[in-house]
Amino acid sequence: AAARGTDLNGNPLIVAWGGMTSPTVVDTSSNIYFLYNNAGTPTWGSYSASTNVYPAGVSYGTLVFSHVTGKFYLFGGANPLQGFVSGDTWELSID
């Protein structure tokens, strides 16, 4: 899932979270990828959550950005390998 939002300075920011590395492999990492403006050059970066609390590896999740709260929200998804559908909602703050 991916969504376009803004950083704290109003610069465009694209956040991507996959949940699965391929159709048959669940991503159990806590990696979040982002594309940002690095002094005029689009640059990819990544972040790993420092806790063990992050979304389960799922596909078909939806990621949106709220201009009201300035946060990204991930909702739902499914893991066809483990046979479950997620109704979870996760919030990501950009600090």
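Since this is a predicted model, take the numbers as computed values, not measurements. (Residues numbered from 1 in each chain as written. Predicted model: local features only at pLDDT ≥ 70, side-chain atom pairs only at ≥ 80, totals over all residues. Heavy atoms only, no water.)

1. Some words on the pairing of strand 8 (residues 71-75)
Of the two faces of strand 8, the one holding Phe72 and Leu74 is buried and the one holding Lys71, Tyr73 and Phe75 is not buried anywhere. Here strand 7 (residues 62-66) hands over to strand 8 after 4 residues, with Gly70 in that stretch at a positive phi of 75°. With 5 bridges connecting them, strand 8 and strand 11 (residues 89-93) associate as antiparallel partners. Considered in strand 11, the bridge of Phe72 is made with Leu92. (Buried < 20%, exposed > 50% of the residue type's maximum accessible area, 1.4 Å probe, protein only. Helix = DSSP H or I, 4+ residues; strand = E, 2+ residues; numbered from the N terminus. Pairing = 2+ DSSP bridges.)

2. Overview of the sheet that holds strand 8
The sheet built from 3 strands is open, its strands ordered 7-8-11 with antiparallel pairing. A single partner strand is all that each edge strand has here, and the edge strands are strand 7 and strand 11. For this sheet the average axis-to-axis angle between neighbouring strands, irrespective of direction, equals 25°. Strand direction decides the pairing type here: strand 7 and strand 8, joined by 5 bridges, are antiparallel. Its bridge partner lying in strand 8, Thr62 is registered against Phe75. (Axes fitted to C-alpha atoms, helices over the stretch in contact; angles between N-to-C directions.)

3. A closer look at the pairing of strand 1 (residues 2-6)
Alternating residues of strand 1 divide into Ala3 and Gly5, all buried, and Ala2, Arg4 and Thr6, none buried. Strand direction decides the pairing type here: strand 1 and strand 2 (residues 12-16), joined by 5 bridges, are antiparallel. Bridge pairing links Arg4 to Ile14 in strand 2. Joining the antiparallel neighbours strand 1 and strand 2 is a turn of 5 residues, in which Gly10 adopts a positive phi near 85°.

4. Quick notes on unusual backbone geometry
Even without being a glycine, Ala39 presents a positive backbone phi close to 55°. Topologically, Ala39 is positioned in the loop between strand 5 (31-38) and strand 6 (41-48). Taking the relative accessible area as the measure of exposure, Ala39 reaches 78% and is therefore exposed. Despite not being glycine, Tyr60 shows a phi value in the positive range, around 65°. With respect to the element layout, Tyr60 can be found in the loop between strand 6 and strand 7. According to the relative accessible area criterion, Tyr60 is exposed, its value standing at 70%.

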